[in-house]
Amino acid sequence: MSADHASAGLIDAYARGSDGLPADTVWALEAHLEGCAPCRGLLAAAVPDAAPGVAALVGSVHAALRPQLDAARPVPVRRRTRWLPAWAAPAASPWLLTAVAVALLALTLDSAGPPDMFGQVSPLLLVAPVLPLCAAAAAWAPGLDPAHELTAATPRSGLPLLLRRTVAALAVVLPVLLAAGGLTGAMTAAQWLLPSLAFTSTALALGSVVGVGRAAAALVAVWAAAVAAPVWATGRLPFVLRPEQLPGWALLLVLGAATVLARRRAYSAPRT
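What you are looking at is a predicted structure, and each value in this text was computed from that prediction instead of being measured.

Let us look at the overall build of the protein chain. Scanning the protein chain from terminus to terminus reveals 13 helices and 0 strands. N-terminal to C-terminal, the α/β element order of the protein chain is α-α-α-α-α-α-α-α-α-α-α-α-α. Taking all 272 residues of the protein chain together, the buried fraction comes to 35%. A separation threshold of at least 6 residues defines the contact pool for the protein chain, and within that pool the share at least 24 residues apart is 75%. Approximately 15,000 Å² of the protein chain is accessible, and the part contributed by carbon and sulfur atoms is 68%.

Note on aromatic pairs: each is described by the distance of the centres and the angle between the planes. Summed over the entire model, instances satisfying the criterion amount to 2 aromatic pairs. On the basis of an interplanar angle of 90° and a centroid distance of 5.5 Å, the ring pair of Phe199 and Trp223 is categorised as edge-to-face. Residue Phe199 is found in helix α11 (residues 189–210), and its partner Trp223 is found in helix α12 (residues 212–234); the two are separated by 24 residues along the sequence. Summarising the burial analysis for this pair, Phe199 and Trp223 share the class buried. Ring geometry for Phe199 versus Trp249: centroids 5.4 Å apart, planes at 55°, classification tilted. Taken together, the residues span a long stretch of sequence, with Phe199 in helix α11 and Trp249 in helix α13 (residues 246–262) at a distance of 50 residues.

Quick look at α12 now. Over its 23 residues, α12 runs 32 Å from end to end, which matches the ideal 33 Å to within 8%, given 1.5 Å per residue. Largest kink in α12: about 40°, centred on Ala224. Immediately beyond the C-terminal end of α12, within one or two residues, lies Gly235, with a positive phi of roughly 75°.

Glancing now at the nonpolar core. In this structure, Leu162, Leu177, Phe199 and Trp223 are the most contacted members of the largest nonpolar core, which totals 44 residues. A per-element tally of this core places helix α10 (residues 159–184) first, with 9 residues. By size, the runner-up hydrophobic cluster in this structure holds 14 residues, among which are Tyr14, Ala15, Val26 and Leu33.

Another point: the packing of α11 against α12. Two measures define how a pair of helices packs: the angle their axes make with one another and the distance between the axes. With their axes 7 Å apart at the nearest point, α11 and α12 run at an angle of 130° to one another. Classed by the angle they form, the pair α11 and α12 counts as oblique. The handedness of the crossing between α11 and α12 comes out as right-handed. Facing Phe199, Thr202, Ala203, Leu204, Leu206, Gly207 and Val210 of α11, the residues of α12 in contact are Val212, Arg214, Ala215, Ala216, Leu219 and Trp223.

Our next topic: the environment of Ala180. Note on placement: Ala180 falls in helix α10. In the structure, Ala180 is positioned 56 residues away from Leu124 in sequence and 7.9 Å away in space, judged by C-alpha atoms. Beyond its immediate chain neighbours, meaning those up to four positions away, Ala180 contacts Leu107 and Leu124.

Cut-offs used in this document
- Residues numbered from 1 in each chain as written.
- Predicted model: local features only at pLDDT ≥ 70, side-chain atom pairs only at ≥ 80, totals over all residues.
- Heavy atoms only, no water.
- Helix = DSSP H or I, 4+ residues; strand = E, 2+ residues; numbered from the N terminus.
- Buried < 20%, exposed > 50% of the residue type's maximum accessible area, 1.4 Å probe, protein only.
- Contact = heavy atoms within 4.5 Å.
- Areas by Shrake-Rupley, 256 points an atom, 1.4 Å probe, with all protein chains shown as cover.
- Phe/Tyr/Trp six-rings, centres within 6.5 Å; stacked < 30°, edge-to-face > 60°.
- Expected span 1.5 Å × (residues − 1).
- Bend = angle between axes of the 7 residues up to and from the residue.
- Core = buried A, V, L, I, M, F, W, Y, C linked by side-chain atoms within 4.5 Å.
- Axes fitted to C-alpha atoms, helices over the stretch in contact; angles between N-to-C directions.
- Parallel < 35°, antiparallel > 145°, perpendicular 65-115°, else oblique.
- Left-handed = near helix turned anticlockwise from the far one by under 90°.

Dropping the structure here:
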């Protein structure tokens, strides 16, 4: 496929059936066809010869619907909201608001709670590494989005859709945590930002096998049992959040991102 248009041979092969084409090629062609009217015209011209049965079926359906189509009025496109389904699921809004509310609750406990509640550790620092992970999982989970099957059937679903949803969730939660940390002065971004990104990339990597929602729940459970509970009991800064452990978090982030890229085709049929 050239920079501007798809080749006639590629379009003809696609019209005859995409089983013999690589999945990446099919995805790139379908994404290109979304915005290229000339190539869509070539595809329409190729279908009658390449797939006469499909052309006959489409023609019969069009003939049956022609009276309704002629009588229908076009619906105006609300351009300012066309990007929403690609970047954020409307059904995930309550969960994102819940994540923000948890951050604000931790901020309140840090500012007005009992001084010895968590010892020397800020409640914000305990939730900050996993809160963006929870928001990202909620933004993607098919079980929370009634329109997920329709969205997942679009050409640019799979990993691109997952990454867009993740970025949108992080864009909501991370600024809140940064502002909360700045207001209290109890934690620096270096203490939690890299661990939170490492957790998120690990959840996405594990999600290619067990589903992002299950992976996120497992990581949060591990964090609560191995880190949050001991901090509640001892009041001391956990070993994994000490500055000297940041290289380990960076390695986990890189490994998670590399696994996501290596298994990118597994997200074409996302799990819950």
